[in-house]
Structures are given as structure tokens and as C-alpha cells.
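Coordinates in review
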Amino acid sequence: MAPRSRIDGNTDIEVPRYWYNIAPDLPRPLPPPIDPLDSDVSLINRLRELLPSELIDQEFTFERYIGIPREVRELYIEIGRPTPLVRAYRLERRLGTPARIYYKFEGVLASGSHKLNTAIPQAYYSYREGYSELVTETGAGQWGLALSIAGNLFGVSSTVFMTRSSYISKVKRVELMRKYGATVIPSPSNITRVGKGILDREPDHPGSLGIAISEAVEWVMDRSESRRYLPGSVMEYVILHQTVIGLEAIEQFRALDDYPNKIIGCVGGGSNLSGLAYPFYREYVEGRAKLPEIIAVESSLIPKASRGEYRYEHPDAYGALPMIKMYTVGRHYKPPAIKAAGLRFHGLASSLSLLIREGLVRVRAYDPDSVREAAELFYQSEGVLPAPESSHAVLAAIDEALEAKRRGEGITILINLSGHGLYDEDFFSG
Amino acid sequence: MDLGSRYGELGIYIPIAYPNPETFSRVIDESSRYVDILELGVPSKKPIYDGPYIRRIHRSLVSSGVDYLSVARSVNRSLDGVGAAVLGYYRDLLGDRYGSFDDLASAIDNLRCILIPDLLIEYTDHLETYIDKSRTYGIETCFFISSKFPYRLVSRLARYRPYFIYLGLQASTGSDLPIHLVRNIGVARKLIGEGVKLAIGFGIDSPEKLRKLLASGADIAFIGTEFLRRLSQGVDDAFGFIRSMHDALR
Ligand SMILES: Cc1ncc(COP(=O)(O)O)c(C=O)c1O
């Protein structure tokens, strides 16, 4: 029977009215952030000078659900939520698999990726608390662009430290951020002490998200009365905001009378996968459904989960932020300049790390060439160009679909297509 | 003390032998006039959930090489009018080589329980060991939780009927992040139920804050960093402060 619509998971569902906090449902307590043992200042207390109060509170809330402010929810709708749940019919046929492959397409959001789901509330709370400049790091520019748009919606300016390798190769996103009034600075830069220190030693340093975070933090500390630092991943509150993805997907699957056996997402800091998967975990905890197999896909060149250690580490290179317990390759790791720049982060969100540790999330690592081939196959069959980061998830889905074919299993696979790759002009060219 | 007309109970946290054995012993002597419970800290090389202030204290105690067990024994007599709990990290209490759980449990006569903040976060599998050991020494259990604890675990802990469940209000001692503490205390209260005491601590530094937080559903409040800060100014300052906290509870 021919499908009635490519958008099988209808968008005729409600945008969620709350976010879901997984901590109350985790199998073990989430280890708290800590100060390094040799530090004489409290980096934990320093968060007061960096983040909007409301976001600090969300990071440490004991509640399972947090209401989405009315203004934020209205903006969610205006920028494209709910996002479609799309059935990849043509990819399925091409693979000849009995598996059903769905992707939750966050790339249709105004900025082109899921990052807008947290950029909007982060900009909203900053604006409401009276701050006038949003400061952040970005890899591929997806986060920087999302924050530039969100800042613009509330009339506040944005300053974006962009890893140098991406600043050079992702020309379009730099341009698009600037169109929204953002100041974009290649990192390491010579406007911060951290950046200068690195450039002195290594003038051609390609940059890393860890360094860019340190620069952003320093920039905020220099004028913390008007600036706030807003991270694009890793923090628990970022994941909290991203749960709109999974909450919608559950409703969409309900309408289809289907349910995923496998949920797949790429992992930079872990926010898009967690945002999609955690609400399904809740369904499991509450006894409404089986736990899908959750698969985190990383780049084999930044193998934090598959080859890293589970330990306390700073999220930034310099060590200006409190340490969190996570899988990490260490903050001094110099990540190769891969095109999936959003995956170049050295660690993984604490809750996701804990779930990996507990065996509830599986990890896979893929090399850039295989990922690019998967993206091409997806593009040729679906007409949708996935972001290089998301293409890692696509490859895992293809592998799973082929495995299902070998076994003759009609399973349901759900991918987070966290962004489109139309501005990743460096991706296919090599 | 008569609790009927009070907001709740007051406790202070002081690392054993701080700032020196003599002053420590004086603090113990006098504190029974103002506090209901003393929380005695085991000097640690790795007090990871403590803020810089308390860490410095641990560092100086550890490097001074003070024999905290004998200091703990020597204050026994003064503990008559006041309950005591010991607080220490897992490796210092139950770690293979250094564990002083047994020594402390037998050194202090009216010890109510031994609180190990990292037990359920880093050493969950050792929960039964902890419970068994507490039972062996005839003391109660008490558990540390944070706002990032699973609901099920908190409810389960309450079923062990511990002396108290201690909610760390902040990510570390002495920090003061803008967290909706009243709400978090409310959640903890609901999970624990009414039969078990809810203790709170971390960052309580004024009589107003103390009163507000106890009124929101906690039973015992522990004062740590601020008390120790005052103590470094002098014993009188510290007791003036504790007296004001004590008076705030009426
Ligand atoms: C499209 C896209 N997907 C995924 C990621 C990885 O981040 P996270 O793991 O937080 O979703 C990024 C990060 O920049 C991104 O731009």
C-alpha cells in the first residue's frame, strides 16, 4: 500500500507543556559537580556569575517535570515545533530491509538544528533577568546560530567563540550568525587570556570546544553584570529543554500505533540523543513500554564514550567550570578537525554517561569516511541532507536496518536527525 | 529540649580536632547549650563534596597528623547532653586500608549514626555493608541525599527507618547557588514521608534562612561553613552566632 504521506508521524499533536527531568528516574544518583581538590575558589559558586539564576535552579531541581513558560512554548510553535516524524520509505526500500526507519527531523527548525530548543529558553531567562549579551562557544556553528537567532528574538546581542577549524570551513554559518547581529570570533582568539596563551604556543591551533568554552567563560567573567554564558550541550538543563523532542515523538508514535525498538542519536555533549531518548526511558520506568535499545554514536576520532574514562573532568579546557562526572578523553585532548565539528567535545553529559555506565545506553564509534557515505546514501534516497553530526546516527541506523534484514526482523528504528547539513559545505567536498 | 514550640532541631558540623584539640573540646563542651546534635567530621584527604573553605580545614588537619580518634575519645564525656553523628567519606570510614568506622563507632558512646555522603553516589553496592556495620555497633543509620537522587531510592532509604535523611541543599558545602530550596525540601519531604526526620545542610548561614527552611518541612538543620568561619574569628564569635541561630528557632 502506498503511503498517504511522507510525514507519517503527523504534526497534528500538541507541543509539550513541560520538560522532563530524568534524574528522579535514573537507576542511581547523579554525581554532583565538584570543585577540583586543589582549587581555592569555588567554581561551583562561580556559576552564579555565569548562568541565569533560573537555569541554575533547573540544573539542581528535584522535580520530575518543569513547566515550559508560555512565551517559550509560543516561540517553539513559531519556529517550527512540533517537528515531523518522517518515515524513510525510500531508504528502507533501497536497503531492502524489513525494518521501519523513522527520523525525528529537527533540521526543519528555523536555525536548522535541535539547538534552538534550548537556545530559546536560555535566551528567554537571560533576557528576563536583565542581561544584554549572550556569550557562547560553537563548533560547526549550529549552536552559535541557534543562540544568535534566539538572542535576536529577545533583542539581546550574542558573542560566539567559534572553533578556528570550523570558522574557516563553515563559512555560511558564520555569515548567517552575523546576519542576526552576532559577533563571531575564531577560537583560540587573542581577546582572552586563555586564547592568547594558546596562540603564543601554537599559532595554528585548530581550536576545540573545550578551549572555546574557556574563552566564553572568561569573557563573561570580565563583565558579569551584563553578560551570561550559555552552553549548547552537556548541562542537565540543556537536556531538559531538549526533551520536547522525545515527548513529541512518543505522541507521534502513539498516533501511528508503532513504537521504536531502537533509538539512535549522535553524541557531541549528548543533548540531542538524550532529548529524544529520555522520555522513552520514562515510559519504561513507568511501566508503559519496553525500553528501546538506545544507541549513542560518536566519532571514532573523539572516542570519549568508547575509549574514554568515566571520571570527574572539567567541561572546558582551562578548568574554569566545575568538574562533572562523565565519560571523557580528557579536557586537553586535541580533537582532529573533523567536519562533524559538533562532535568534537571531549566529554558527555553526566546523566547520559551514567546510563552508559549502567549498560542502558550502548555506544558506537564511526570513522568520517563511512559517515560521509551514509550521508550520501541518505541524501540520494530521501532528498534530505543530514548534518555531518546527525549522519553518524544515520550510519548506525543503516547498520541496524541491514542487521534486521539479515535476521528478517521487522523492527522499528528511530533516529534523531538533529540537523540538516545544507550549510556544511565542507562535508561532501572532503 | 522541648521541640513542641520550636521550628526544628539545630546541629553544627565541626571536623574532629579543629581548630586544635583544646578548642575543639571547648566547642563540644559549650555547644550542648545551643545545639541538639553535633556532626563530627572525619578529617579527609579527599573531601570532594566540600567547598574550598572546609577543604582547607581538612587539608590542615590531615597534614598536622592529629590523632583524631583519640581526640574523639577524649570528648566523649562532654557529649552527654547532646546527640552526635559522625560524618566522613567512604574511603576514610569503610575503605580497605584506612577505614575507621569501627574505631569511631566504639569510641563515641552516644553516637547516633555515621553519615557517609558519597556512600550512595559512588559506593551504592556497599549499602548493605554499611547497614550491617551500623547494626553491629548498635547505632542507627542515616543517609545523605541530593536533589539528583532517584525518587525510588529515597523512598527505599526511608523504609530503613534511619535516624535521619540528610538533604544536601547545594552542590557543595558553603555554596550559595540560586536554587529553589523550599521546593526541593518539599519534594524530599514527600518522598520520605512523615516518619523519618529530614535533615538539611549546606549553605545555611543566617537565622532567617534557617527559620524559613525548617518551616518548609525539614526537621534538623546543620550549620557548617558559616560556623567554622566564625570559629576562626574566635570561640565567642562562633557561639554568639550559634546562639542567634538557636534563638531563631523559638
Ligand atoms: C546538528 C548537530 N547535531 C548534534 C550535535 C551534537 O551535540 P549534542 O550531542 O549535544 O546533541 C551538534 C553540535 O553542535 C549539532 O550541531
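The shown structure was predicted, so the numbers you read here are calculated from the model rather than taken from an experiment.

Remarks on the overall build of chain B
- In terms of helices and strands, chain B carries 12 helices and 8 strands.
- The globule rule puts the C-alpha radius of gyration for 250 residues at 18 Å, and the 17 Å found for chain B is close to it.
- Sequence separation of 24 or more characterises 70% of the internal contacts of chain B that already satisfy a separation of 6 or more.
- When the accessible surface of chain B is totalled, it reaches about 9500 Å², and 45% of it is carbon and sulfur.

A short note on the overall build of chain A
- A count of helical and extended segments in chain A gives 17 helices and 14 strands.
- Over its C-alpha trace chain A gives a radius of gyration of 20 Å, about what one expects of a compact globule, namely 22 Å for 430 residues.
- A principal-axis box enclosing the C-alpha atoms of chain A has dimensions of 65 × 45 × 40 Å.
- Burial statistics for chain A: of 430 residues in total, 67% are counted as buried.
- Taking all contacts inside chain A whose residues are at least 6 apart in sequence as the whole, residues at least 24 apart take part in 77%.
- Computed over 50 positive and 54 negative side-chain charges, the separation of the two mean positions in chain A equals 3 Å.

Brief notes about the packing of aromatic side chains
- Under the counting rule described, the total for this entry stands at 29 aromatic pairs over all chains.
- When the centroid spacing of 6.0 Å and the interplanar angle of 40 degrees are considered together, the rings of Tyr 20 of chain A and Tyr 65 of chain A count as tilted. Pair noted here: Tyr 20 of chain A is in strand S1 (residues 18-20) and Tyr 65 of chain A is in strand S2 (residues 65-67), with a separation of 45 residues, a long-range link.
- Classification of Tyr 65 of chain A as partly exposed rests on a relative accessible area of 32%.
- Residues Tyr 103 of chain A and Phe 378 of chain A carry aromatic rings whose centres are separated by 5.2 Å and whose planes lie at 70 degrees to one another, so their mutual orientation is edge-to-face. Note that Tyr 103 of chain A is positioned in strand S4 (residues 100-105) and Phe 378 of chain A in helix H15 (residues 368-382), a separation of 275 residues in sequence. For the pair shown, Tyr 103 of chain A and Phe 378 of chain A are each scored as buried.
- When the ring centre of Tyr 163 of chain B is taken as reference, the NZ or CZ atom of Arg 112 of chain B above it lies at 3.8 Å.
- Here the guanidinium or amino end of Arg 229 of chain B rests over the ring plane of Tyr 53 of chain B, the centre of that ring lying 4.8 Å away.

Section: the state of the cysteines
All names here are of chain B.
- In the structure shown here, the tally under the stated rule is 1 disulfide over all chains.
- In this model, Cys 113 is linked to Cys 142 through a disulfide, with the two sulfur atoms separated by 2.2 Å. Taking the sign of the torsion about the S-S bond as the criterion, the disulfide between Cys 113 and Cys 142, at about 95 degrees, is right-handed. Taken together, the residues span a long stretch of sequence, with Cys 113 in strand S4 (residues 111-115) and Cys 142 in strand S5 (residues 142-145) at a distance of 29 residues.
- Judged by relative accessible area, Cys 113 falls into the buried class, the value being 0%.

Details of the interface of chain B and chain A
- Taken together, the contact pairs 38 residues of chain B with 36 residues of chain A.
- Applying the counting rule to chain B against chain A returns 5 salt bridges.
- Between Lys 325 of chain A and Glu 122 of chain B there is a salt bridge, and its shortest N-O distance comes to 2.6 Å.
- Our count for the contact surface shared by chain B and chain A stands at 19 residue pairs in polar contact (both at pLDDT 80 or more).
- Counting residues per element, the ones that place at least two in the side of chain B that touches chain A are helix H2 (52-64), helix H6 (119-122), helix H8 (151-159) and helix H9 (181-192) of chain B.
- Residue contributions to the side of chain B that touches chain A peak at 5 residues, all from H9 of chain B.
- Across the side of chain B that touches chain A, the residue classes break down as 20 nonpolar, 8 polar and 10 charged.

Thoughts on the environment of Ile 415 of chain A
Residues and elements named next belong to chain A.
- Looking at the element boundaries, Ile 415 is found in strand S14 (residues 412-417).
- By relative accessible area, Ile 415 is classed as buried at 0%.
- Along the backbone, Ile 415 and Cys 266 are 149 residues apart, and their C-alpha atoms lie at a distance of 9.0 Å.

Quick notes on the packing of helix H6 (residues 142-153) of chain A against helix H8 (residues 171-179) of chain A
Residue and element names in this part refer to chain A.
- Running from N to C, H6 and H8 point in directions that differ by 15 degrees, and their axes come no closer than 9 Å. Between H6 and H8, the interaxial angle falls into the category roughly parallel. Classified by chirality, the crossing of H8 by H6 is left-handed. Listed contacts from H8 to Gln 142, Gly 144, Leu 145 and Ser 148 of H6 are Arg 173, Leu 176 and Met 177.

As for the site of the ligand
All names here are of chain A.
- Taken together, 17 residues sit near the ligand, with Ser 233, Gly 268, Ser 271, Asn 272 and Ser 418 positioned nearest.
- Lys 115 is positioned such that a nitrogen or oxygen atom in its side chain is 3.3 Å from an oxygen atom of the ligand.
- A distance of 2.7 Å separates an oxygen atom of the ligand from a polar atom in the side chain of Ser 271.
- When isolated, the ligand has an accessible area of 390 Å², and the protein chains bury 97% of it.
- Looking at side-chain class alone, the shell around the ligand contains 4 nonpolar, 11 polar and 2 charged residues.

Here's the deal with empty space enclosed by the protein
- Applying the stated criterion across every chain, the model contains 3 cavities of 30 Å³ or more.
- As a volume, the second largest cavity reaches approximately 60 Å³.
- Around the second largest cavity, the lining residues are Tyr 20, Asn 21, Ile 22, Gln 58, Glu 236, Ile 239, Leu 240 and Tyr 278 of chain A together with Lys 148 of chain B.
- The element that contributes the greatest number of residues to the lining of the second largest cavity is helix H11 (residues 236-256) of chain A, accounting for 3 residues.

Considerations on the nonpolar core
- Core analysis: the largest hydrophobic core is formed by 201 residues, its most contacted members being Ile 14, Leu 104, Phe 164, Phe 227 and Leu 228 of chain B.
- If we ignore the near neighbours within four places in the chain, the residues touching Leu 104 of chain B are Ile 16, Val 42, Tyr 68, Leu 69, Ala 72, Val 86, Leu 93 and Leu 111 of chain B.
- Counting residues in hydrophobic clusters, the runner-up holds 31 residues, among them Phe 105, Ala 375, Phe 378 and Val 384 of chain A.

Some remarks on the sheet that holds strand S13 (residues 361-366) of chain A
All names here are of chain A.
- Read across the open sheet, the 6 strands follow the order S3-S4-S14-S9-S10-S13; overall the sheet is mixed. The two strands at the open ends of the sheet, each matched to only one other strand, are strand S3 (85-87) and S13. Direction aside, the axes of adjacent strands within the sheet are offset by 25 degrees on average.
- In the sheet, strand S10 (residues 293-299) pairs with S13 via 6 bridges, with the strands oriented parallel. Within the sheet, the bridge partner assigned to Ser 299 lies in S13 and is Tyr 366.
- Against the sheet, helix H12 (residues 271-285) contacts S4, strand S9 (262-266), S10 and S14, and its axis sits at roughly 160 degrees relative to S9.

Cut-offs used in this document
Residues numbered from 1 in each chain as written. Chains lettered and ligands numbered in written order. Predicted model: local features only at pLDDT ≥ 70, side-chain atom pairs only at ≥ 80, totals over all residues. Heavy atoms only, no water. Helix = DSSP H or I, 4+ residues; strand = E, 2+ residues; numbered from the N terminus. Rg over C-alpha atoms; globule rule 2.2 N^0.38 Å. Contact = heavy atoms within 4.5 Å. Areas by Shrake-Rupley, 256 points an atom, 1.4 Å probe, with all protein chains shown as cover. Buried < 20%, exposed > 50% of the residue type's maximum accessible area, 1.4 Å probe, protein only. Lys, Arg positive; Asp, Glu negative; His and termini not counted. Charge placed at Lys NZ, Arg CZ, Asp CG, Glu CD. Phe/Tyr/Trp six-rings, centres within 6.5 Å; stacked < 30°, edge-to-face > 60°. Lys NZ or Arg CZ within 6 Å of the ring centre and 35° of its normal. Disulfide = S-S within 2.5 Å. Salt bridge = Lys/Arg side-chain N within 4 Å of Asp/Glu carboxyl O. Polar contact = N/O pair within 3.5 Å; in protein donor to acceptor, adjacent residues only side chain to side chain. Nonpolar A, V, L, I, M, F, W, Y, C, P; charged D, E, K, R; others polar. Axes fitted to C-alpha atoms, helices over the stretch in contact; angles between N-to-C directions. Parallel < 35°, antiparallel > 145°, perpendicular 65-115°, else oblique. Left-handed = near helix turned anticlockwise from the far one by under 90°. Near = heavy atom within 4 Å. 1 Å grid on protein atoms, 1.4 Å probe; cavity = no way out; pocket = protein on both sides within 12 Å on 5 of 7 lines; lining within 4 Å. Points joined across faces, edges and corners; volume = space filled by probe spheres on them. Core = buried A, V, L, I, M, F, W, Y, C linked by side-chain atoms within 4.5 Å. Pairing = 2+ DSSP bridges.

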